[in-house]
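Architecture and fold: a report
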Amino acid sequence: MANPPGDPDFPPPMPPAEAREFVRRRRGRNIALLVALVALCLIFYGLSMVKLAAAH
């Protein structure tokens, strides 16, 4: 039977090696998300500049 979310032992503690791997993978996903967001901002900025330049 699974522990309920209010249980202080939920989720069960990870071994140190597994915890390091979890943090490493999470950091990689966060960096990928940052790169995607910055790329999207640059695309929108570039499109805005092109539209402004074309308006003059």
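Scoring rules and cut-offs
- Residues numbered from 1 in each chain as written.
- Predicted model: local features only at pLDDT ≥ 70, side-chain atom pairs only at ≥ 80, totals over all residues.
- Heavy atoms only, no water.
- Helix = DSSP H or I, 4+ residues; strand = E, 2+ residues; numbered from the N terminus.
- Buried < 20%, exposed > 50% of the residue type's maximum accessible area, 1.4 Å probe, protein only.
- Areas by Shrake-Rupley, 256 points an atom, 1.4 Å probe, with all protein chains shown as cover.
- Salt bridge = Lys/Arg side-chain N within 4 Å of Asp/Glu carboxyl O.
- Patch = residues over 30% accessible without salt bridge, like charges linked within 9 Å, V, L, I, M, F, W, Y side chains within 5 Å.

A few words on the overall build of the protein chain. Secondary structure summary: the protein chain contains one helix and zero strands in total. Burial status across the protein chain gives 0% buried among its 56 residues. Within the structure as shown, the protein chain displays about 5300 Å² of accessible surface, and the carbon and sulfur contribution to it stands at 72%.

This part is about the pattern of salt bridges. In the structure shown here, the tally under the stated rule is two salt bridges. Between Arg-24 and Glu-21 there is a salt bridge, and its shortest N-O distance comes to 2.6 Å. One end of the pair, Arg-24, and the other, Glu-21, are both in helix 1 (residues 16-55), three residues apart, so they sit about a helical turn from each other. Of the charged contacts in the structure, one is a salt bridge between Glu-21 and Arg-25, with a shortest N-O distance of 3.4 Å. Separated by four residues within a single helix, Glu-21 and Arg-25 lie in helix 1, roughly one turn from each other. Residue classification places Glu-21 among the partly exposed residues on the basis of a relative accessible area of 32%. It is possible to trace a salt-bridge network through shared partners that takes in Glu-21, Arg-24 and Arg-25.

A surface patch of nonpolar side chains, about 400 Å² in accessible area, is lined by Leu-40, Ile-43, Phe-44 and Leu-47. Looking at the secondary structure, you find Phe-44 in helix 1.

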